[in-house]
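A structural walkthrough
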Amino acid sequence: MSLSFVTLGVGDAFSALYYSTCLALEAEGQVLLVDCPHPIRKMMREASLTSGVPLDVDRVAGLVLTHLHADHSSGVEGLGYFSFFVLKRKLKLLAHPLVTARLWEGHLAAGMEDLIRTPGGEPQRHGFDDYFEPLALSTETAVRFGPFSIECRRTYHHVPTMALRIRAGGRCLGHSADTAYDEGLIDWLSEADLVVHETNYGVHTPYEKLAALPAATRAKMRLIHYPDAFDLGASNIEPLVQGRRYDV
């Protein structure tokens with residue numbers, strides 16, 4: 001039993017060097033995506049080549065969404081369509097109700113609501129439940145999904161955003177999602193065996209704050225969502241590398 005992940009993307013919304021932040025977790029042969037930027041299939045293909053881990057939509061058991069900013073959710077339409085048209089199944093989508101509240105009407109409906117199902121036919125109206133099978137995450141209790149147990153905690157960000165603790169194979173991965181610096185959140189994540197934490201400008205976490213944490217905390221922390229100008233070599237916290245596989 002084990003828990004591992006492949007970094008599909010490590011960059012921020014403005015990156016010209018990296019794909020947007022996204023992880024593919026694996027336990028007991030099941031793959032769980034954490035966030036879904038575009039172009040998700042290309043990201044999986046390239047990460048497969050560099051990591052040696054076969055990844056494509058047919059292996060994705062479910063998708064966890066931390067929030068609805070485009071650099072974390074712009075690939076949901078394409079992933080949903082691929083599941084619907086090619087795999088002939090609904091995409092299992094896990095998120096807190098505060099995140100999903102505007103997912104359909106505010107994000108997906110404009111591109112997915114009307115479909116012409118036969119040549120020359122009239123568009124037919126579709127809804128969220130035609131493409132997706134939702135599973136609500138909770139800040140009160142862990143939610144079981146296959147081999148994964150998922151907990152979430154709200155972060156301080158522009159839109160409703162959830163940090164994660166994901167357990168499987170006797171290990172726990174903490175993921176900050178997008179957030180301002182929050183000592184309470186870092187304490188919450190510290191239960192994990194490995195913590196993936198963002199760093200960036202604006203309403204994000206400054207590297208200097210993380211660099212000043214105790215050595216034991218930094219030792220099990222990995223950086224993601226860093227800007228293109230971030231000095232990877234000078235960091236005293238290990239930055240994740242796009243396309244690499246990691247054991248938790």
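For the structure itself, look to the data block above.
Worth saying up front: this structure is predicted, and the values here are computed from it rather than measured.

The next point concerns the pairing of strand β10 (residues 148-154). In terms of residue burial, β10 counts as a mostly covered element, since five of its seven residues are buried. As paired strands, strand β9 (residues 143-145) and β10 are joined by three bridges and run antiparallel to one another. For F145, the partnering residue across the bridge sits in β10 and is F148. Connecting β9 to the next strand, β10, in antiparallel fashion are two residues, including G146 with a positive phi near 55°.

What follows covers the sheet that holds strand β11 (residues 162-168). As summarised here, the arrangement of the seven strands in space is β9-β10-β11-β12-β13-β14-β15, forming an open sheet in which the pairing is mixed. Since the sheet does not close on itself, it has two edges, and those belong to β9 and β15 (238-239), each with one partner. As judged from the six bridges shared by β10 and β11, these two strands associate in the antiparallel manner. Bridge pairing links C152 to L164 in β11.

Cis peptide bonds are those with omega within 30 degrees of zero, and the linkage from H38 to P39 qualifies with 5°. In the Ramachandran plot, E28 falls in the positive-phi region, its phi being about 50° despite a non-glycine side chain. Relative to the assigned elements, E28 resides in the loop between β2 (22-27) and β3 (30-34). Of note in the backbone geometry, D35 takes a positive phi value of approximately 75° without being a glycine.

On to the packing of helix α3 (residues 76-85) against helix α5 (residues 104-112). Where α3 meets α5, the axes come as close as 10 Å, and the angle between the chain directions of the two elements is 50°. Put simply, α3 runs oblique to α5. The handedness of the crossing between α3 and α5 comes out as right-handed. Within the contact between the two elements, α3 uses V76, E77, G80 and Y81 and α5 uses L108, G111 and M112.

So, how was this worked out
Residues numbered from 1 in each chain as written. Predicted model: local features only at pLDDT ≥ 70, side-chain atom pairs only at ≥ 80, totals over all residues. Heavy atoms only, no water. Buried < 20%, exposed > 50% of the residue type's maximum accessible area, 1.4 Å probe, protein only. Helix = DSSP H or I, 4+ residues; strand = E, 2+ residues; numbered from the N terminus. Pairing = 2+ DSSP bridges. Axes fitted to C-alpha atoms, helices over the stretch in contact; angles between N-to-C directions. Parallel < 35°, antiparallel > 145°, perpendicular 65-115°, else oblique. Left-handed = near helix turned anticlockwise from the far one by under 90°. Contact = heavy atoms within 4.5 Å.

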